[in-house]
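Fold and geometry: a report
Listed below, chain by chain, are the residues.
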Amino acid sequence: MSSDWQPRIVGFACRWCTYAGADLAGTSRLEYPATVRLVRVPCSGRVNPSFVLRAFQRGADGVLVAGCHPGDCHYTSGNLFTRRRFSLVKRFLEYLGLEPERLRVEWISAAEGQRFAQVIREMTDDLCRLGPNRKMREEP
Amino acid sequence: MRFLPATALPRWLERLRGDGATVWAPVDEDGVVVLRPWEGQPIASRYVNPLNSLKDVLLPRTETILEFEGRPTDLAVREPAPPQSQVVFGTRPCDAAAMELNDRVFLEGTFVDEGFRRRRETTTVLTVACTVAGPHCFCRAVGGSPTAPRGSDLVLHPVENGYLPEAPTSRGEKALRAASDLVEDVEHPDPREAGRTVAMPLAERIALDGLAARLRDHFEHPCWDAISRRCHSCGLCTFVCPTCYCFAVFDSLRVTRGRRQRGWDSCQFKDFLLMAGGHNPRPTRKHRVRQRFLHKLCYFPEAYGEYQCVGCGRCVAGCPVGLHLPAVVDELGEVLG
Amino acid sequence: MSDIQARLREIARRLLTEGHVRVFIGFGPGFEANRPVPFFAADPDAADRLLLDEFCAAGLARYVLEEVREGPVGLVARGCDGLGLERLLADHRVAREQLYVVGVSCRGVVDPDRACAAAGEEVRAARVNGETVTLITPTAERSFPRSACLLDKCLRCQDPTPRIADVLLGEAIPPGERDLAHVDAVERMPSDERYRFWARQFERCLRCLACRQVCPACNCVSCSLDRPEWLERGTGLAEQFMFHFTRAYHVAGRCVACGECERACPAGIPLGLLNDKFMKDLRDLFGVAAPHRPGDVEPLGKFCPDDPEGWHEGGEGT
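What you see is a predicted model; the values in this text were computed from it and never measured.

1. Thoughts on the side chain of Ser105(C)
Residues and elements named next belong to chain C. Within the secondary structure, Ser 105 is located in the loop between strand E4 (99-104) and helix H4 (112-119). Ser 105 gets classed as buried once you look at its relative accessible area, which sits at 9%. A distance of 2.7 Å separates a polar atom in the side chain of Ser 105 from a polar atom in the side chain of Thr 161.

Printed below as a string of C-alpha cells:
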C-alpha cells in the first residue's frame, strides 16, 4: 500500500439533515479529508442494505449511512425504521467478517456541520489504519 | 501390472502441478467433499462422489466468454486468456462417463463449442475407480460400472496401500510418466473385474428397457401431474447433475467496461424459457419436470442412442422431496407398465 | 404413530368425501421405505395412502401457496409446518378459511443417512422417545442419542406442536425456548477468520435456489434474487456474499426456523447460522422473545421510540 493511499467512503446522506449538514461543513470552510462521495437520499430509511453491500462490492473501503436524529425525521418515522434495520445489518456484516469500522451509522442534523466533518475525519483515520477493503469485493 | 503406492500420491500431484497445470482434488470442507484446486491440502479418501462433478471443471458455473471496454461507438472486444491445462484427480467413473455424454452435445455435429473444446483438450481426468457403491449409486443400471474407463484418461484402481493405474489415453499415459520413478511392477489380476462384484442395490431396482419409446407415446399422460406436484422448482437436481449442461449467457457492465459470461441455468427454474413479451412455453412444474426427465430418458436416447444419466446418485441424495431419476423411473414404470 | 396415522387417513378421507377440501397434503410412500415424500391426496381413496412416520422430513407449508389457488386445502402439520402456515397467513398469501389443518406433535424426524451411519446398516423403522431414538434395522433394535439420528433442524426445534390446528391428533407438547448459542461460536472468531469461514461456505454454493424454493417465508410473487440489477448471475465470491446476505436479510424477522433451507442445501451451507444471527439480535436488541413465531407485525415492520442503536453495542465478538 502506498503511503499516500486514501480510503474511499460512500456516504448515504438524508437530504433533510445530513446532506444539509455536509453543506454547512462546506460553507463554514471546515476541513476534512476528501475521502467521501455522498449519495443524497430522501431519507436514511431509503437506504436499502443491499446498497451498502453493493458499495463494498464495487470498491468502497467504508460506508456511512447518516440521517436525522430520532424524532426529527421529515417523514416522522423513517429513521426509526433505519435504526432497527441497520442495528441488525451492521452486526450481520460483522458476523460475515467485515471490520466494524467499515460501516458507520450516524445521526447528523443540518446544524451539525462540525459533527459531519468529525465523522469523516474519524472514519478516514480508522480506514487508513485498516487499509483497503478486500472483503466481499468483486475482482476488478 | 503397474502399482502406485498411496504414499507417493501427493508427490505425483505436486509434480503435475509443477508442470503448470491446475490440479483439482477432492477435499473435505466442513464435512462436505468438494473438488477444489489442490494446493497440498489433505485429499479426501472416504467419499462416494464430491458435491461438484467434473462439470464444474469443464463447464464452470460461470466463465467469461469475452471482455469489452470503451464507449458504444468505440468498443474494444477481447477474448479471455485461453484455459490453462488442468488435471483432475479423484473423479469417479460415472463423472468421467458423464463428460463423454457432454462431449457428444458440445463437440459432435456441425457446431463445436469452442469454449468447451479448449477446456476439454487441456484437461486430464484421473479417475479413482470405486470399490464400494454408495446407497444412492446406480451406474450399472445405465450401462456404467464402478471400474469402467469411459471418459477417463487414467483409471486408478484402488488396492491395498495404493492404486493400479490403467491408462486408456495417451494423455493419461503422459500424466503417469511424471510418476515413472514412483511406480512399481506387481502381479495382479485384472482390476476391472472387481467392478462386477460391487454390490449396488439401487441399480437392481431400475428398469429402463424400452422406456424411451413408451415415454414418447405418453407425452400427455396425467401421471406427469402427479409426479411433478411435489417439485419445488429449484435447480438442485440439474446443478448437481454431471450430465445437465444448460447455460445462460449474460453481460455484466461496469461503467465503461464489461464481461459477457455464461453460467449454469436450470430447466427447472420457472423463468428458464420466459421470453420477452411474457410468453413462457413451460409455465408449470408439470412442463418443466416432464422436460427434464424426457430429455434424459427419451430425447437424448433418440439423438445419441444412450440415456443421459450416469447413475452418480447426486439427485437421489440431494433432492429435498425425493423427486429424482430412480423415483421417477419407478413411478413411470408403475403407470406405463 | 400408527394410531395417529389411521385417524389422519380417516379425517382426510372425510374432508375429501364431504368436499371440504380439494386436496389433502401429507406424506406418501417414497422410492425408499425410509424416505417418504410429500403426497397430495386428491380423492377419498388416495387418503388411504397417506402415511406418517419418523422419516417424514420435508416441510409441507410451502406447498399450500400453489395448492390453494384451486380451492381449499387440508394438510397435516407438525410444529414447523404450523409456523410456516402462520407465516403465509401473516403475509396474507393464504386465508385461514382456505386451510384445514390437522395438527400432530412431532418429536423429531430421523435422518436416514445419519441413522444408517449410527446403526451400521439400513434403518427400517425408528421410535423417538425423549432423549433417545430406537433404530430398528434388519438385524437389531438399538437405542442412540437424538443427535446421532435426527435431522439437524429437529435437534434445535422447540416447537413440536403447531399453534394453529383445526384438530390436533395426540397430545400437545408445550413449546420451549430456542437456544441460539451456536451463533456465539461464530461471533467469537476473529473477523478475518469469520470472513474466511463464510467465504468457504459460500464458495460451495451452486446457486440452485433450493433454500429459497423450500422456504415458507420466501413467498414473494417475484424475487429480487431473480433480477440482475440486484443480483448478477455470476457466481464470483462477491455475488455469493450478495446472494446469501440478501436471502438471510429478506427473511430476518420473518424466518420461522423450520430449517428447511439448511436441509435442502446440497452444499451443506449452515444457513441456519445466518438466520439465527438475526434472531439473536432481534431478541437481544429489541426484546423479541421468539422472533421465529409470527406475531401481528414482524419486528422489522415496526419500531419503538426508545429502540437501542445496535451499531454501538455491536462490534467485534459481542
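2. Quick look at the domain arrangement of chain C
When the parts come together, some accessible area is lost, and that loss is often what is quoted as the size of the interface. Here the domain parsing of chain C yields domain 1 (2-106 + 159-169), domain 2 (112-147) and domain 3 (181-301). A separation of 31 Å is found between the C-alpha centroids of domain 2 of chain C and domain 3 of chain C.

3. Here's the deal with the interface of chain A and chain C
The interface is formed by 36 residues belonging to chain A together with 46 residues belonging to chain C. Between chain A and chain C, roughly 3800 Å² of surface is buried when both sides are summed, and carbon and sulfur atoms account for 63% of that area. If you look at where chain A meets chain C, you find 19 residue pairs in polar contact (both at pLDDT 80 or more). The set of elements that each furnish at least two residues to the side of chain A that touches chain C consists of helix H2 (49-57), helix H3 (78-95) and strand E4 (103-107) of chain A. Top contributing element to the side of chain A that touches chain C by residue count: H3(A), with 15 residues. Residue classes in the side of chain A that touches chain C are distributed as 17 nonpolar, six polar and 13 charged.

4. Some details on the pattern of salt bridges
Applying the stated rule across the entire model yields 75 salt bridges over all chains. Among the ionic pairs, Lys135(A) bridges to Glu99(A), the shortest N-O distance being 3.0 Å. Here Lys135(A), found in the segment after helix H4 (113-130), pairs with Glu99(A), found in the loop between H3 and E4; they are 36 residues apart in sequence, far enough to count as distant. What makes Lys135(A) buried here is its relative accessible area of 8%. For the salt bridge of Arg254(B) with Glu232(C), the shortest nitrogen-to-oxygen distance reads 3.0 Å. Within this pair, whereas Arg254(B) is found in strand E11 (residues 247-254), its partner Glu232(C) is found in the loop between helix H8 (210-213) and helix H9 (237-250), the two belonging to separate chains. Under the relative-accessibility criterion, Glu232(C) is labelled buried at 15%.

5. Some words on the pairing of strand E9 (residues 162-166) of chain B
Residue and element names in this part refer to chain B. Across the five residues that make up E9, a large majority, five, are buried. Examined bridge by bridge, strand E8 (residues 154-159) and E9 share five bridges and lie antiparallel to one another. Residue pairing across strands places Leu 156 opposite Pro 165, the latter belonging to E9. Hairpin connection from E8 to E9: two residues lie between these consecutive antiparallel strands, with Asn 161 at a positive phi of about 65 degrees.

6. Some remarks on the packing of aromatic side chains
By the definition in use, this model includes 24 aromatic pairs over all chains. Judged by centre distance (4.6 Å) and plane angle (25 degrees), the rings of Phe106(B) and Phe116(B) are stacked. Of the two residues, Phe106(B) sits in helix H3 (residues 93-107) while Phe116(B) sits in helix H4 (residues 114-121), which places them ten residues apart along the sequence. A residue is classified by how much of its surface remains accessible, and Phe106(B), at 5% relative accessible area, is buried. When the ring centre of Phe286(C) is taken as origin, the NZ or CZ atom of Arg84(A), which lies over that ring, is 4.4 Å away. Looking at Lys55(B), its charged tip hangs above the ring of Trp264(B), at a distance of 4.5 Å from the centre.

7. Let's talk about a nonpolar patch on the surface
Residue and element names in this part refer to chain B. Together, Ile 65, Phe 247 and Val 249 give the surface a local cluster of nonpolar side chains, amounting to about 230 Å² of exposed area. Assignment of secondary structure puts Val 249 in strand E11. Relative accessible area serves as the criterion here: at 48%, Val 249 is assigned to the partly exposed category.

8. Focus: the environment of Pro160(C)
Residues and elements named next belong to chain C. One can find Pro 160 in the loop between helix H5 (152-155) and strand E8 (167-169). Classification of Pro 160 by relative accessible area gives buried; the value is 12%. Taking C-alpha positions, Pro 160 is 9.5 Å from Gly 82, a pair spaced 78 residues apart along the chain. Each residue touching Pro 160, except ones within four places of it in the same chain, is listed here: Arg 78, Gly 79, Val 104, Ser 105, Cys 106, Ile 173, Pro 174 and Pro 175.

9. A closer look at the interface of chain B and chain C
Listed per partner, the contact involves 41 residues of chain B and 38 residues of chain C. Summed over both partners, the interface of chain B with chain C buries about 3300 Å², with 55% contributed by carbon and sulfur atoms. For the chain B face of the interface with chain C, the top three residues by lost area are Arg61(B), Arg229(B) and His232(B), together amounting to 20%. Linking chain B with chain C are eight salt bridges, by the criterion used here. Here chain B and chain C share 17 residue pairs in polar contact (both at pLDDT 80 or more) between them. Secondary structure elements with two or more residues in the side of chain B that touches chain C: strand E3 (32-37), helix H9 (236-240), E11, strand E12 (257-264), helix H11 (314-318) and helix H12 (325-336) of chain B. Looking at the side of chain B that touches chain C element by element, the count peaks at five residues for E11(B). Residues that form the side of chain B that touches chain C fall into these classes: 18 nonpolar, ten polar and 13 charged.

Criteria and thresholds
- Residues numbered from 1 in each chain as written.
- Chains lettered and ligands numbered in written order.
- Predicted model: local features only at pLDDT ≥ 70, side-chain atom pairs only at ≥ 80, totals over all residues.
- Heavy atoms only, no water.
- Helix = DSSP H or I, 4+ residues; strand = E, 2+ residues; numbered from the N terminus.
- Buried < 20%, exposed > 50% of the residue type's maximum accessible area, 1.4 Å probe, protein only.
- Polar contact = N/O pair within 3.5 Å; in protein donor to acceptor, adjacent residues only side chain to side chain.
- Domains from an automatic or database assignment.
- Contact = heavy atoms within 4.5 Å.
- Buried area = accessible area lost by both parts, 1.4 Å probe.
- Nonpolar A, V, L, I, M, F, W, Y, C, P; charged D, E, K, R; others polar.
- Salt bridge = Lys/Arg side-chain N within 4 Å of Asp/Glu carboxyl O.
- Pairing = 2+ DSSP bridges.
- Phe/Tyr/Trp six-rings, centres within 6.5 Å; stacked < 30°, edge-to-face > 60°.
- Lys NZ or Arg CZ within 6 Å of the ring centre and 35° of its normal.
- Patch = residues over 30% accessible without salt bridge, like charges linked within 9 Å, V, L, I, M, F, W, Y side chains within 5 Å.
- Areas by Shrake-Rupley, 256 points an atom, 1.4 Å probe, with all protein chains shown as cover.

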